[in-house]
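Below are the chains, spelled out letter by letter.
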Amino acid sequence: MIHAPASPHPPTSVWTAAEPLPATTPLEGDRRADVVVVGAGYTGLSAALHLAERGADVVVLDAAEPGWGGSGRNGGQVIPGLKHEPDELEHKFGPETGRRMWQLSGGAADFVFELIARHKISCHAQACGWIGAAPHAAALQSLRSRTEQWQRRGAPVELLDRQRIAELTGTTCYVGGMLDRRAGALQPLAYVRGLARAARQVGAAIHGRSAARKLESHAGSWRVVTPTGAVTASTVILATNAYTDDLWPGLKRTVLPVQSYQVATRPLPEDMRRQVLPGGHVVSDLRRILFYFRLDPEGRLLMGGRGPLNDSGDPALFARLEAIAARFFPQIGTPDWEHRWSGRVALTADHLPHLHEPRPGVLIGLGYNGRGVAMATVMGKLLADRALGASPVEVGWPVTPITPVPFHAWRLPAMALVVHWKRFQDWLDARRSA
Ligand SMILES: Cc1cc2nc3c(=O)[nH]c(=O)nc-3n(C[C@H](O)[C@H](O)[C@H](O)COP(=O)(O)OP(=O)(O)OC[C@H]3O[C@@H](n4cnc5c(N)ncnc54)[C@H](O)[C@@H]3O)c2cc1C
């Protein structure tokens, strides 16, 4: 099936007040380009921007308007690094590739903030620091090792004890954490629209409401067909992440699309803002089924968490997040919840973002495991480098074959069980360290 959103606009959320992008026009007729990009989120637009800046003729296609996907509706936490520790990457991929991987992912937040500054993107970007919060002793132990590994590599990270994390977050629910000063926050929809503007300014053409329905190999080129037109190019970049459909055979089965839910209060009164995240840090925790939270620039508290695989929009999932927020932050009482929305994140079996090149001229980047603000922007640049002729070694990210997640066909019942099992393990861990 081909991805066909009901509306071209991202869902109403705390972010929809971002300055609108002039509406794009659907692709009309046949045209040629050097590179055609499918998907106008951070990955696709970063690729387009970096390609067009270096003189390539680029066309971006999206089934909706730019930023409709995860990029226009996420939590806006700009987090460097991967789930894997740097030592683990060097062990798993060898010292050279492993080093490039932790350098690229560890530098991803800096990369985003520099890109924003260079293109003067107005999106409330701030390197205010991210806290990885440990809900129990086992999680703190793993953060201790992570902190030590990044410190050895010169990164500005520090371990937080129970008292310090309570001061910085305003909740006593954590036993400790890791503060990463490379990280920060931004307005995600404003950022993706800013990328679209910047890409256009350097010559990229962006067509919304232009779903790529067919991808054909054509005399050494690739032809992407939409309902009203087609683009023929020597390279096609697929940047569809959790909204990947059947355009490229088997790609959809390489990721598990899981819903992530968010709620936001009305702006908190000044005295509460001094108690909740007083230093403006953004937080996500180390539960297996995690929670993440931050304040927006107007002082709303945003709370997010993982839900099921299907887009059920079940009101009970939002109510659960609101109850969690009340438990974490009793000082806010019973606030008015102003916004509720959700979107998909793409999980991979090895918890790593994937770069594929299944055929010459076909490049694919996806699978950010809920941490794509920084890493998808970097991946876009890597895809652009590769499209312009950099060797895989120069690109620095492993190019892997398209491998389905095991038991993908059974994902709905299997993941429901996995989620319950993981919640149970989180509960056990919390009890053990109580
Ligand atoms: C609720 C939520 C909270 C999150 N919070 C954070 C966070 O705080 N920090 C963080 O780092 N990450 C977070 N993420 C993850 C982050 O948003 C994603 O990793 C990132 O946006 C991925 O960008 P992308 O460009 O690869 O994909 P997307 O932005 O999802 O873009 C994919 C695009 O492809 C298009 N598409 C798909 N198929 C076709 C087709 N056949 N033809 C044309 N177009 C097509 C879609 O319409 C879509 O616009 C969150 C995600 C969600 C949903």
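Residues numbered from 1 in each chain as written. Predicted model: local features only at pLDDT ≥ 70, side-chain atom pairs only at ≥ 80, totals over all residues. Heavy atoms only, no water.

Thoughts on the overall build of the protein
Tallying secondary structure elements over the protein gives 12 helices and 18 strands in all. Taken over C-alpha atoms, the radius of gyration comes to 21 Å for the protein, in line with the 22 Å a tight globule of 434 residues would show. The dimensions of the protein, computed from C-alpha atoms along their principal axes, are 65 × 45 × 45 Å. Each of the 434 residues in the protein was classed as buried or not, and the buried ones make up 58%. A separation of at least 24 residues holds for 77% of the contacts in the protein among residues at least 6 apart in sequence. If you sum the accessible surface of the protein, you get close to 17900 Å²; carbon and sulfur atoms cover 54% of it. With 48 positive and 39 negative side-chain charges, the protein shows a separation of 3 Å between the mean positions of the two kinds. (Helix = DSSP H or I, 4+ residues; strand = E, 2+ residues; numbered from the N terminus. Rg over C-alpha atoms; globule rule 2.2 N^0.38 Å. Buried < 20%, exposed > 50% of the residue type's maximum accessible area, 1.4 Å probe, protein only. Contact = heavy atoms within 4.5 Å. Areas by Shrake-Rupley, 256 points an atom, 1.4 Å probe, with all protein chains shown as cover. Lys, Arg positive; Asp, Glu negative; His and termini not counted. Charge placed at Lys NZ, Arg CZ, Asp CG, Glu CD.)

A look at the pattern of salt bridges
Under the criterion given, the structure shown has 27 salt bridges. Linking arginine 164 and glutamate 167 is a salt bridge whose minimum nitrogen-to-oxygen distance equals 2.8 Å. With arginine 164 and glutamate 167 both in helix α6 (residues 162-169) and 3 residues apart, the pair spans about one turn of that helix. The partly exposed category is assigned to arginine 164, whose relative accessible area is 38%. As a salt-bridge pair, glutamate 322 and arginine 340 come within 2.7 Å of each other at their nearest N and O atoms. Remark: arginine 340 occurs in strand β16 (residues 337-347) and glutamate 322 occurs in helix α9 (residues 315-328); sequence separation between them is 18 residues. The network of salt bridges with shared partners includes Arg266, Asp296, Glu298, Arg300, Asp336 and Glu338. (Salt bridge = Lys/Arg side-chain N within 4 Å of Asp/Glu carboxyl O.)

A closer look at α6
Regarding α6, the residues found buried are Ile165, Leu168 and Thr169. One side of α6 holds all its buried residues, which, seen down the axis, span an arc of 85°. Buried positions along α6 lie against β4 (130-134), β5 (157-160), β6 (176-180) and β13 (282-285). Once α6 ends, the next one or two residues include glycine 170, with phi positive near 85°. (Arc of directions from axis to C-beta.)

Notes on the site of the ligand
Looking at the ligand, there are 37 residues lining it, with His3, Thr43, Asp62, Ser71 and Asp245 nearest. Contacts to the ligand include glutamine 77, whose backbone N or O atom sits 2.8 Å from a nitrogen atom. Here the ligand, which alone exposes 1000 Å², has 99% of that area covered by the protein. Counting only elements with at least two residues in the shell around the ligand, the list comes to α1 (42-53), β12 (256-265), β16 and α10 (372-387). In terms of residues, the shell around the ligand owes the most to one element, β16, which gives 3 residues. (Near = heavy atom within 4 Å. Polar contact = N/O pair within 3.5 Å; in protein donor to acceptor, adjacent residues only side chain to side chain.)

Some thoughts on the nonpolar core
Side chains of a nonpolar character, in soluble globular proteins, are inclined to be buried together. Counting residues in hydrophobic clusters, the biggest one holds 77 residues, and the most contacted among them are Val58, Tyr191 and Trp397. No other element matches the 9 residues that α10 contributes to this core. Those residues in contact with tryptophan 397, other than ones at most four positions away along the chain, are Leu82, Met101, Leu104, Pro353, Leu355, Met375, Met379, Leu382 and Pro392. Tyr174, Leu179, Met272 and Trp337 belong to the second-largest nonpolar core, a separate cluster that totals 28 residues. (Core = buried A, V, L, I, M, F, W, Y, C linked by side-chain atoms within 4.5 Å.)

Quick look at the sheet that holds β4
Taken in spatial order, the 8 strands of this open sheet run β5-β6-β4-β13-β14-β15-β12-β16, and their pairing is mixed. The open sheet is flanked by β5 and β16, the only strands paired with a single partner. Pairwise comparison of adjacent strand axes, ignoring direction, gives a mean angle of 20° for this sheet. In this structure, β13 lies alongside strand β14 (residues 291-295), joined through 2 bridges in antiparallel fashion. Bridging from a neighbouring strand, valine 283 pairs with phenylalanine 293 of β14. Contacts between helix α5 (residues 137-152) and the sheet are confined to β4, β5 and β6, with β5 contributing the most and set at about 155° to the helix. (Pairing = 2+ DSSP bridges. Axes fitted to C-alpha atoms, helices over the stretch in contact; angles between N-to-C directions.)

Examining the pairing of strand β15 (residues 301-306)
Most of β15 sits out of view: 6 of its 6 residues are buried. Residues Leu301, Met303 and Gly305 of β15 are buried on one face, and the alternating residues Leu302, Gly304 and Arg306, pointing to the opposite face, are buried as well. Relative to β15, β12 runs antiparallel, the two being bridged by 5 bridges. Residue pairing in the sheet places alanine 264 in a bridge with leucine 302 of β15. When β14 meets β15, the two strands line up antiparallel, connected through 5 bridges.

Looking at the pairing of strand β18 (residues 362-366)
Among the 5 residues in β18, 5 count as buried, and that is most of the element. Every second residue of β18 is oriented toward a common face, with Val362, Ile364 and Leu366 on one face and Leu363 and Gly365 on the other, all of them buried. As paired strands, strand β11 (residues 229-238) and β18 are joined by 3 bridges and run parallel to one another. Counterpart to isoleucine 237 in the pairing with β18 is leucine 363. Here strand β17 (residues 354-356) hands over to β18 after 5 residues, with glycine 361 in that stretch at a positive phi of 85°.

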